[in-house]
Amino acid sequence: MSADSALPAKRHHSASPPPPSILEQVQSTNGSKTPTPTAQKKQRTNNKQTSKKIKKKKSKPPKPGGAEETGAFDVLEWLGRERVQELEKWIEEDDEGDCCELAAKEWGKGKDGKEVEVEVVGLSAHGDGLAILTPTLYPIPSPSSTSSSTSIATLQPVRLLTIPFTLPGERVLAHIHRHEPDPYFMSHADLVKIVRKSPMRDLEGEGNPEVEIGESDEQLKETQSKFGERVRCKYFGTCSGCQYQPLSYTTQLTLKQTVVRKAFANFSGLPPTQIPEIGPTLASPLQYGYRTKLTPHFQTPPAGFGKGKGKEGEGNEEEKREWEVTIGFEEKGRKRIVDIEECVIATKIINEKMKEERVKVKANISQFKRGATLLLRDSLPPRPSSFVLPAPGEPFTPEDHICITDHHATVREQVAGCEFEQMAGSFFQNNNSILGDLLDWVREALKGGPQPPSVEDGVDKPKRYLIDAYCGSGLFAVSLADQFDVVEGVEIDKASVKWAKKNAEFNQRPGRGEVGFRDGKAEAIFGTIDFPSDQTTILIDPPRKGCDELFLQQLLAFNPATVVYVSCNVHTQARDIGWLIKASEAKIEAEGKGKKGFWIESVRAADLFANTHHAEGVAILRREI
């Protein structure tokens, strides 16, 4: 199966009884700025059964651009729009219409869930295999029938099944354990066994990557025998991270390109003519040993653990048990922690330090009142007072790295001729090996943009301005200062602004523009910045949930000539860009200026998270000036 056919896009939870159909949700999400209504997972309330007591479940709204949202498009793709309409009609018209309940009768759930052998037809955007479930015991009745014994067709599909750690084209045995409430038509399973493996697991020219890992043990060998020799982590198949390990790196890059393509097709609300061809994924020089920040978790013993609770004299002989301290990451599909001794995508210095920190936590577990998260941050040693930046184009002198565990300590990092300091607990891109290439691509992309005309021929070119919103400690603002005359970074977090100012001052030298930073307020993010819009680029790198409408309204009002949108969530990126383009077109039409609003000049993924399903989206938007 081709990479294009392996990946999907979107899905929704809803709040009001009865919940909106999956088709309504997709329509409301596609290009909407606020695609997700306040959500609540609960059993479906049927208008015709108001006397029935419904047990409500509290839950958080689905994460924007997360697995729940992308799942809606998976369902439409693999079950088909017509089939989804049939199922929704049955739910709406039949008093007994409950697909989730029938799925539980057919396949069970939890520990009582059945094992089924299925064909994996694709991959979700989050790296899980997808299979189609067709009932045999409890077929869905016909929407037009009053008799529950009449079926639409016994062999028609009713659910889409997610199975982690599987690949398209595989035949697998899976244990079904959970069904989403109506009208989501999705169920979830654990992998039991791969009956027929996909050729995608074969080495075929791309062998095992060079990566330093601990001593080879039986657990790793057993993992490789199940999932393929490319897998370098003995926790693969249990830990929820690094889903793409069995795949060749070329295949990983192609899949991420497809994820971006589907994200823009499904989330932007734009017609195909307004979405350019998605560029090839920018490869990471390192596929293992690249991650410069790790945050393992652990839990403390629950109250009363290991203490006999029987009444005195009843012969309760329970001895005090020792709490098994697990330090690591969440198990796939579960709310428990997998004990991780090393992480193969983390840098060498982080793995060395993690061994020490694990010993400390286990020795002092009684001192913790609740679970906690460790911080492991790769850093250069403190900056020597005599240190100076190398000349442009010259490499840095290599230094031994250290690992920082204090959130408030200073970390130091070098990127493409610049050096940055910030607090260890603050955000900074976690794959240093690709940042230079990413910045080079942005520089090159910016060169091709429209230039404002000079007042007269022969007059010096107008100045170029950059606003770096969500600037953090200044990575993009400082690094791109050689492309602009004036750069202004904006950040709501005041502590980050202080570090950004220090970084700008340290990296200032001839040939670089003037760089400044300021505190921003959500309601007036650009404050008193008075750069001419026709000469200004605005770069945004928001959190995973994307931009809120308040920010996008201000971005639209500023109306820069160019927008660079960097995002760790390509689905919310596509949603925001779609909103901005349509709002720009409406603004141009309302003003009657006759100029063209924003369009997408280019978009691609950058592989900041090799061997995982995550893709960093990078898009360039222009408007006519």
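Whatever comes next refers back to the structure up there.
Residues numbered from 1 in each chain as written. Predicted model: local features only at pLDDT ≥ 70, side-chain atom pairs only at ≥ 80, totals over all residues. Heavy atoms only, no water.

### Points about the overall build of the protein chain
Inference 1: If you tally the helices and strands in the protein chain, you get 12 helices and 22 strands.
Inference 2: Among the 625 residues that make up the protein chain, the fraction classed as buried is 53%.
Inference 3: In the protein chain, 71% of the contacts between residues at least 6 apart in sequence involve partners at least 24 apart.
Inference 4: Taken as a whole, the protein chain presents about 29,400 Å² of accessible surface, with 50% of it coming from carbon and sulfur. (Helix = DSSP H or I, 4+ residues; strand = E, 2+ residues; numbered from the N terminus. Buried < 20%, exposed > 50% of the residue type's maximum accessible area, 1.4 Å probe, protein only. Contact = heavy atoms within 4.5 Å. Areas by Shrake-Rupley, 256 points an atom, 1.4 Å probe, with all protein chains shown as cover.)

### Structural notes on the packing of aromatic side chains
Inference 1: Evaluated as defined, the whole model comprises 11 aromatic pairs.
Inference 2: Linked through ring pairs, Tyr470, Phe526, Phe551 and Phe558 together constitute an aromatic cluster.
Inference 3: Lying over the aromatic face of Phe506, Arg383 brings its terminal NZ or CZ to 3.6 Å of the ring centre.
Inference 4: Here the guanidinium or amino end of Lys596 rests over the ring plane of Trp599, the centre of that ring lying 4.6 Å away. (Phe/Tyr/Trp six-rings, centres within 6.5 Å; stacked < 30°, edge-to-face > 60°. Lys NZ or Arg CZ within 6 Å of the ring centre and 35° of its normal.)

### Considerations on the packing of helix α2 (residues 67–79) against helix α3 (residues 81–93)
Inference 1: Where α2 contacts α3, the two axes come as close as 6 Å, and the packing angle between them is 110°. When the axes of α2 and α3 are compared, the pair comes out roughly perpendicular. The segment α2 lies against α3, with Val75, Leu76 and Leu79 engaging Arg81, Arg83 and Val84.
Inference 2: Residue composition of the contact of α2 with α3, grouped by class: 4 nonpolar, no polar and 2 charged. (Axes fitted to C-alpha atoms, helices over the stretch in contact; angles between N-to-C directions. Parallel < 35°, antiparallel > 145°, perpendicular 65-115°, else oblique. Nonpolar A, V, L, I, M, F, W, Y, C, P; charged D, E, K, R; others polar.)

### Quick word on the pairing of strand β5 (residues 171–179)
Inference 1: Relative to β5, strand β1 (residues 115–119) runs antiparallel, the two being bridged by 5 bridges. Bridging across to β5, Glu117 finds its partner in Leu173.
Inference 2: Bridge analysis of β5 against strand β6 (residues 186–196) gives 8 bridges, and the strand direction is antiparallel. In the strand pairing of β6, His179 is matched with Ser187.
Inference 3: If you look at the hairpin formed by β5 and β6, you'll find 6 residues sitting between the two strands, and Phe185 has a positive phi there, around 55°. (Pairing = 2+ DSSP bridges.)

### Details of unusual backbone geometry
Inference 1: A cis geometry characterises the amide bond from Asp182 onward to Pro183, with omega recorded as 10°.
Inference 2: Mapped onto the secondary structure, Pro183 falls in the loop between β5 and β6.
Inference 3: The backbone of Cys242 shows a phi angle near 55°, a positive value even though the residue is not glycine.
Inference 4: Within the secondary structure layout, Cys242 lies in the loop between α5 (218–227) and α6 (249–267).
Inference 5: The phi dihedral of Asn559 is positive, around 60°, even though this residue is not glycine.

### Details of α5
Because an α-helix completes one turn every 3.6 residues, residues spaced three or four positions apart along the sequence face the same direction.
Inference 1: Those residues of α5 that fall on the buried side of the exposure criterion are Leu220, Thr223, Gln224 and Phe227. With its buried residues spanning 100° around the axis, α5 presents them on a single face.
Inference 2: Immediately beyond the C-terminal end of α5, within one or two residues, lies Gly228, with a positive phi of roughly 115°. (Arc of directions from axis to C-beta.)

### Observations concerning the nonpolar core
Inference 1: Counting residues in each nonpolar core, the largest one holds 57 residues, and the members touching the most others are Leu294, Phe476, Leu480 and Phe517.
Inference 2: Per-element accounting of this core gives the leading share, 8 residues, to helix α8 (residues 432–447).
Inference 3: Val259, Phe264, Phe526 and Ala605 belong to the second largest nonpolar core, which has 43 residues in total. (Core = buried A, V, L, I, M, F, W, Y, C linked by side-chain atoms within 4.5 Å.)

### Description of the pairing of strand β15 (residues 418–423)
Inference 1: Buried residues dominate β15, accounting for 5 of its 6 residues.
Inference 2: Direction of pairing for strand β14 (residues 410–415) relative to β15: antiparallel, over a ladder of 6 bridges. What sits directly across from Gln414, in β15, is Glu419.

### Description of the sheet that holds β1
Inference 1: With respect to topology, 6 strands assemble into an open sheet ordered β1-β5-β6-β4-β3-β2, the strand pairing being mixed. Of all strands in the sheet, those bounded by a partner on one side alone are β1 and β2 (122–123).

### Regarding a positive patch on the surface
Inference 1: Judged by side-chain charge, Lys494, Lys498, Lys502 and Lys521 come together as a positively charged surface patch.
Inference 2: The residue Lys494 is located in helix α10 (residues 494–507) in this model. (Patch = residues over 30% accessible without salt bridge, like charges linked within 9 Å, V, L, I, M, F, W, Y side chains within 5 Å. Salt bridge = Lys/Arg side-chain N within 4 Å of Asp/Glu carboxyl O. Lys, Arg positive; Asp, Glu negative; His and termini not counted. Charge placed at Lys NZ, Arg CZ, Asp CG, Glu CD.)

### With respect to the sheet that holds strand β11 (residues 372–373)
Inference 1: Strand order in this open sheet of 4 strands is β10-β9-β8-β11, and the pairing throughout is antiparallel. Since the sheet does not close on itself, it has two edges, and those belong to β10 (337–339) and β11, each with one partner.
Inference 2: Taken together, the 2 bridges between strand β8 (residues 297–298) and β11 define a ladder with antiparallel strand orientation. If you follow Phe298 over to β11, its bridge partner there is Ala372.
Inference 3: Running at roughly 100° to strand β9 (residues 327–330), helix α7 (residues 348–363) makes contact with β8, β9 and β10 of the sheet.

### Side note on helix α12 (residues 570–591)
Inference 1: Counted at 1.5 Å a residue, the expected span for α12 with its 22 residues is 32 Å, and the 31 Å between its end C-alpha atoms agrees.
Inference 2: Here α12 starts with a cap whose side-chain oxygen sits 3.0 Å from the backbone nitrogen of His571, and that cap is Asn569.
Inference 3: Trailing α12 by a residue or two, Gly592 shows a phi angle of about 65°, which is positive. (Expected span 1.5 Å × (residues − 1). Polar contact = N/O pair within 3.5 Å; in protein donor to acceptor, adjacent residues only side chain to side chain.)

### Notes on the pattern of salt bridges
Side chains that carry opposite charge are capable of pairing whenever their charged atoms lie near each other.
Inference 1: Across all of its chains, the model carries 30 salt bridges by this definition.
Inference 2: Here Lys332 ties to Asp128 by a salt bridge, and the two come within 3.3 Å at their closest N and O atoms. A residue pair is termed long-range when its members are at least 10 positions apart, and Lys332 in the loop between β9 and β10 and Asp128 in the loop between β2 and β3 (129–133) qualify at 204 residues.
Inference 3: A relative accessible area of 22% means that Lys332 is categorised as partly exposed.
Inference 4: Across the pair Glu180 and Arg178 runs a salt bridge, and its minimum N-O distance is 3.2 Å.

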